[in-house]
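# Per-entry structural report
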Amino acid sequence: MKHLEKNSVHRILVRSTNWIGDAVMTTPALRAIRESFPGARVTLLANSLVAPLFTVHEAVDDVIVYDRRGAHAGLGGKLRLARELRTRRFDLAILLQNAVDAALIAWLARIPRRMGYRTDGRGPLLTHGVPVDEHVRQLHHVEYYLAMLGRFGVATRDRSLALFTTPDEDAAVEELLQSHGMKKGDFLLGINPGATYGAAKRWYPERFAAVADELSRRWGARVVVTGGPGEAAIAADIAAAMTVPPLVMAGKTSVRELMALIKRCDFFITNDSGPMHIAAAFGVPLVAVFGSTDHTTTSPWSDRAVIVRRDTDCAPCLLRECPTDHRCMTAVTVDDVVEAADRLRTRVAVPEHSA
């Protein structure tokens, strides 16, 4: 395996993953890069969905948006992006994203060192390639990214997730909540019923509503429902089913606003999703319902999280849509989630009201 001469690396391009949850799970890897190359400038190349996560981040100096549907669409767009990157004179490309596209663009940009897993047939395009064996495939995603970097001595002792918001973003969330009758000290329970990948990952709106009502009653909590534009209808169903009207913000926030809103939550109930990982990164206590996805590789990377799932013969199937009776989710009851939340809240000593 080719040696990496760290002292000659001054400008690093990091290719981000393409989904919010995956990108959050790369944040320990970004810390490892920053710590291993303290004098280097680190630029992140990310799609328009993921890029906002890192516009304010201590491990990233600047962000380039990979606009695959606009300026960088098609082969011509890739060549245009490669030319843009070439002018930056990067010394090293670190490809956290697994597709051949990532390696091809780095190669076209004439970045002399190109590091990543040898996935998708892209091995010949890498100068510092790492094979993916069965052990690597079974790693939690956080460990998966760190393992690749570790082969070249790029490491960190702090393996925690990390995201950052600005004081202005935090203040804007408080203003939003106050405009809906919530005080700064109110206990805020976040409900996140969506999951971008597909319906198989989603627990049921009426059960989320029942959990929210019960925890609101027990804890004196105010409830906010989060999610993306595609989850507005699900959020509306939850609001309609609740006895105490929640604040519905699904489809009404940017990624940065969603980050600040989740950070403000005192507790979070969620499916396996990008917002779940955002909550984990901010240390928000959370209960996550898992069914079709593999909890061993994508569980929330937090000691303030509990997974609720039931063993079934067909899970994890990793399918977008359930071809049978969705038994992995129907088996998870409202009581399962409420009891898990109560136990976690007691264990992590979440206060009655947050300052």
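Relevant structure appears above.
Quick notes on the rules
- Residues numbered from 1 in each chain as written.
- Predicted model: local features only at pLDDT ≥ 70, side-chain atom pairs only at ≥ 80, totals over all residues.
- Heavy atoms only, no water.
- Helix = DSSP H or I, 4+ residues; strand = E, 2+ residues; numbered from the N terminus.
- Buried < 20%, exposed > 50% of the residue type's maximum accessible area, 1.4 Å probe, protein only.
- Polar contact = N/O pair within 3.5 Å; in protein donor to acceptor, adjacent residues only side chain to side chain.
- Salt bridge = Lys/Arg side-chain N within 4 Å of Asp/Glu carboxyl O.
- Pairing = 2+ DSSP bridges.
- Axes fitted to C-alpha atoms, helices over the stretch in contact; angles between N-to-C directions.
- Contact = heavy atoms within 4.5 Å.
- Parallel < 35°, antiparallel > 145°, perpendicular 65-115°, else oblique.
- Nonpolar A, V, L, I, M, F, W, Y, C, P; charged D, E, K, R; others polar.

Looking now at the environment of Asp 336. In this fold, Asp 336 is placed in helix α14 (residues 334-348). Accessibility expressed as a relative area gives 17% for Asp 336, which makes it buried. In this structure the C-alpha to C-alpha distance between Asp 336 and Val 289, which are 47 residues apart in sequence, comes to 9.7 Å. Engagement of the side chain of Asp 336 in a polar contact is seen with the backbone nitrogen of Thr 333, the distance being 2.9 Å.

Here we come to the pattern of salt bridges. Enumeration according to the criterion identifies 18 salt bridges in this entry. For the salt bridge of Arg 137 with Glu 134, the shortest nitrogen-to-oxygen distance reads 3.6 Å. Here Arg 137 pairs with Glu 134, and both are found in helix α5 (residues 134-137), just three residues apart, close to one helical turn. The class of Arg 137 is exposed, set by a relative accessible area of 51%. When the shortest N-O distance is used, the salt bridge between Arg 256 and Glu 169 registers 2.9 Å. Of this pair, Arg 256 sits in helix α10 (residues 255-264) while Glu 169 sits in helix α7 (residues 167-179); the two residues are 87 residues apart in sequence, bridging distant segments of the chain. As far as burial versus exposure is concerned, Arg 256 and Glu 169 are alike and both buried. Residues joined by salt bridges that share partners form a network here, namely Glu 214, Arg 217, Arg 218 and Asp 342.

A word on the pairing of strand β7 (residues 188-192). For β7, the tally of buried residues reaches five of five residues, placing the bulk of the element in the interior. Across the two faces of β7 the burial is the same, with Leu 188, Gly 190 and Asn 192 and Leu 189 and Ile 191 all buried. Inspection of the sheet shows β7 paired to strand β8 (residues 222-225) by four bridges, in the parallel sense. Looking across to β8, one finds that Leu 188 is bridged to Arg 222. Alignment of β7 against strand β10 (residues 267-271), held across four bridges, turns out to be parallel. Bridging across to β10, Asn 192 finds its partner in Thr 270.

Right, let's talk about the side chain of Asp 62 for a bit. By the element assignment, Asp 62 lies in strand β3 (residues 62-66). Assessed through its relative accessible area of 18%, Asp 62 is described here as buried.

What follows is about the sheet that holds strand β6 (residues 128-130). Reading across the sheet, the six strands line up as β3-β2-β1-β4-β5-β6 and stay open at both edges, with parallel pairing between neighbours. Because the sheet does not close on itself, it has two edges, and the strands there are β3 and β6. Between one strand axis and the next, the sheet turns through 15° on average, direction left out of account. Relative to β6, strand β5 (residues 113-117) runs parallel, the two being bridged by three bridges. Following the sheet pairing, Tyr 117 is matched in β6 by Val 130. Along the sheet, helix α3 (residues 74-86) makes contact with β1 (11-15), β2 (41-47) and β3, crossing β3 at roughly 165°. Together, β1, β3, β4 (92-95) and β5 form the strand contacts of helix α4 (residues 100-108), whose direction differs from that of β4 by roughly 175°.

Turning to the packing of α7 against α10, a few remarks are in order. It is at 9 Å that the axes of α7 and α10 come closest, and there the two elements cross at 70°. The orientation of α7 with respect to α10, classified from their angle, is roughly perpendicular. Listed contacts from α10 to Glu 169, Asp 170, Val 173, Glu 174 and Leu 177 of α7 are Arg 256, Glu 257, Ala 260, Leu 261, Lys 263 and Arg 264. Looking at the contact of α7 with α10 residue by residue, the class counts come to four nonpolar, no polar and seven charged.

Counted residue by residue, helix α2 (residues 27-36) has nine buried out of 10 residues, so it is predominantly covered. Burial in α2 covers these residues: Thr 27, Pro 28, Ala 29, Leu 30, Arg 31, Ala 32, Ile 33, Arg 34 and Ser 36. For α2, the elements touching its buried residues are β1, α1 (20-25), β2, β4 and α6 (141-150).

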